[in-house]
Amino acid sequence: MDFAWSLLRRVEGAILEALMPSTPLELRGALLRRVQLPALTGHQQMMPSHDSFAAHADRATVAAYHYSAVLYLDEAGKDFEDGELLFMDRDGDLRLAPKSGQLVAFTSGLENLHRVVPPHGGPRYVLAMWFGTGPNGPIPCDELTSGFGAHVEKQRSTSEGQVTEIAIAMIIAMVFIIALAAELLRSLCTAARYYMQSQKAMVKVPICSHTSGMFGDHKQCA
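Residues numbered from 1 in each chain as written. Predicted model: local features only at pLDDT ≥ 70, side-chain atom pairs only at ≥ 80, totals over all residues. Heavy atoms only, no water.

Brief notes about helix 1 (residues 2-19)
Here is the rule: We count a stretch as a helix when DSSP gives it H or I for four or more residues in a row; a strand needs E for two or more, and each element gets its number in order from the N terminus. Here a helix's expected span is defined as the number of its residues, less one, multiplied by 1.5 Å. What makes two residues a contact is simply this: any of their non-hydrogen atoms within 4.5 Å.
The first and last C-alpha atoms of helix 1 sit 26 Å apart over 18 residues, in line with the 26 Å expected at 1.5 Å per residue. The inward-facing, buried residues of helix 1 contact strand 1 (26-35), strand 2 (67-72), strand 6 (103-107) and strand 9 (124-132). Residue methionine 20 follows helix 1 closely and has a positive phi angle near 50°.

See below:
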């Protein structure tokens, strides 16, 4: 951990020297990544829905990222094929082939829209780092290893909040359905009562028939 922290500080110093930000830098994130195709599966692997090779700008994803840096730990053409860092410019794309020990640093805004060309033939190892300036405080060394747990806890809290909202919505829907059923039942009872009353008020008109015969006239009513 001490070596990782000293390495991050060396990268910070290189960015200060090369890009000369107006205010001191603060570490906003670091990630050791292995990119391999076909992708491995498992609980410690990247989410299946995540596209590692889509064009993006780091600050468009996380507003606190002002400077990005990538340290390559292996080399294209030796440990894998392709895997270049591709900067997408209007006048032509810039392709940087990874070299072991090479550091690439750049500002994180849309001026540096970039993507990674999928590697083949072996894993591609990089240490990705993000720095920022401004009110957000730096990340203490002892918190670097606890970030994943905090991220999981945040996801759990978000999921619990979503479950609570769904439960409340279901309760409201059930109350609405019960109220609607009660109103429908009341309407049916009212209609049945009116029907029964109208039946009692009806006057029954007899239907009679007349017949004539040798024994006289006969009247029969039903």
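Some details on a nonpolar patch on the surface
Put simply, the rule reads: A patch consists of residues whose relative accessible area exceeds 30% and which take part in no salt bridge; residues with like charges are grouped when within 9 Å of each other, and nonpolar side chains (Val, Leu, Ile, Met, Phe, Trp, Tyr) when within 5 Å. For the area figures, the Shrake-Rupley method with a 1.4 Å probe applies, and any residue is considered shielded solely by the protein chains shown. When a carboxyl oxygen of Asp or Glu lies within 4 Å of a side-chain nitrogen of Lys or Arg, that pair is called a salt bridge.
On the surface, Leu32, Leu73 and Tyr125 cluster together into a nonpolar patch covering about 290 Å² of accessible area. Tracing the chain through its elements places leucine 32 in strand 1.

Description of the UniProt feature "transmembrane region" (unreviewed entry) in the protein chain
Quick reminder of the rule: UniProt positions are given in the numbering used here, feature names are shortened, and annotations may be inferred rather than shown by experiment.
Per the UniProt record, the feature "transmembrane region" (unreviewed entry) sits at residues 166-185. Spanning residues 166-185, this segment combines 100% helix with 0% strand, and its end C-alpha atoms are found 28 Å apart.

What to know about unusual backbone geometry
Filter applied, for reference: Exposure categories follow from relative accessible area, calculated using a 1.4 Å probe and restricted to protein chains: below 20% of the type maximum is buried, above 50% is exposed, and the middle band is partly exposed.
With a phi close to 50°, methionine 20 is a non-glycine residue in the positive phi region. Inspection of the secondary structure assignment puts methionine 20 in the loop between helix 1 and strand 1. Looking at methionine 20, the relative accessible area reads 65%, which means it is exposed.

Comments concerning the sheet that holds strand 9
Note the following rule: The pairing criterion for strands is at least two bridges between them, as found by DSSP. Orientation is described by lines fitted to C-alpha atoms, with helices fitted over the stretch in contact, and by angles between N-to-C directions that extend from 0 to 180 degrees.
Strand order in the open sheet formed by four strands is 1-9-2-6, and the pairing between neighbours is antiparallel. The open sheet terminates on both sides in strands that have one partner only, identified here as strand 1 and strand 6. Averaged over all neighbouring strand pairs, the angle between strand axes comes to 15°, with direction disregarded. Lying on the sheet, helix 1 is in contact with strand 1, strand 2, strand 6 and strand 9; it crosses strand 9 at an angle near 65°.

A closer look at the side chain of aspartate 58
The condition that has to hold: For this count, His and the chain ends are skipped, Lys and Arg are scored as positive, and Asp and Glu as negative.
For aspartate 58, the location among the structural elements is in helix 2 (residues 58-61). Although aspartate 58 is buried, it forms no salt bridge, and the closest oppositely charged side chain is arginine 33 at an N-O distance of 8.6 Å. Setting aside residues no more than four positions away along its own chain, aspartate 58 makes contact with Tyr65, Ser68, Phe106, Ser108, His114 and Trp130.

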